[in-house]
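Chains, contacts and geometry: an overview
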Amino acid sequence: MEANKGILLESGTNELEIVEFGLGKNKFGINVIKVKEIINPVPITLVPHSHPNVEGIIERRGEVPASCECRGCFRVSAI
């Protein structure tokens, strides 16, 4: 593959692009194909009686996705 192609990989190269993020002292990665978007922090609306790892919901371009507390999901303590 040519070095001047930019950051996107050519299809069929069997290479994997990941988004890396940190929680505490740990680093995690997820396949970039599974990431819809990365957004700046926005106000979260609490949802009563929700799972402890669900912080609440947000409104994003007409959609209402849940906001999850990843530290709880990965059992990582706050810094």
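In what follows, the accompanying structure is described. (Residues numbered from 1 in each chain as written. Predicted model: local features only at pLDDT ≥ 70, side-chain atom pairs only at ≥ 80, totals over all residues. Heavy atoms only, no water.)

With that settled, the discussion passes to the overall build of the protein chain. Secondary structure summary: the protein chain contains 1 helix and 4 strands in total. Starting at the N terminus and walking to the C terminus, you meet the elements of the protein chain as β-β-β-β-α. Out of the 79 residues belonging to the protein chain, those deemed buried represent 8%. Taking as baseline every contact in the protein chain between residues at least 6 positions apart, the subset at least 24 positions apart corresponds to 16%. Split by element, the accessible area of the protein chain, about 7000 Å² in all, is 55% carbon and sulfur. (Helix = DSSP H or I, 4+ residues; strand = E, 2+ residues; numbered from the N terminus. Buried < 20%, exposed > 50% of the residue type's maximum accessible area, 1.4 Å probe, protein only. Contact = heavy atoms within 4.5 Å. Areas by Shrake-Rupley, 256 points an atom, 1.4 Å probe, with all protein chains shown as cover.)

Its place among the elements puts Glu 69 in the loop between strand E4 (66–68) and helix H1 (70–73). Separated by 17 residues in the primary sequence, Glu 69 and Pro 52 have C-alpha atoms spaced 8.4 Å apart. Ignoring sequence-local partners within four residues, the contact set of Glu 69 consists of Asn 53 and Glu 55.

What follows deals with the pairing of strand E1 (residues 18–23). In this structure, E1 lies alongside strand E2 (residues 26–31), joined through 6 bridges in antiparallel fashion. From the neighbouring strand, Leu 23 faces E2, where its bridge partner is Asn 26. Connecting E1 to the next strand, E2, in antiparallel fashion are 2 residues, including Gly 24 with a positive phi near 65°. (Pairing = 2+ DSSP bridges.)

What you tend to see is this: most non-glycine residues have negative phi, and most peptide bonds are trans. Positive phi values are uncommon outside glycine, yet His 49 reaches one of about 65°. Mapped onto the fold, His 49 is located in the loop between E2 and strand E3 (54–57). Of note, Arg 61 is a non-glycine position whose phi angle comes to about 50°, a positive value. For Arg 61, the position within the fold is in the loop between E3 and E4.

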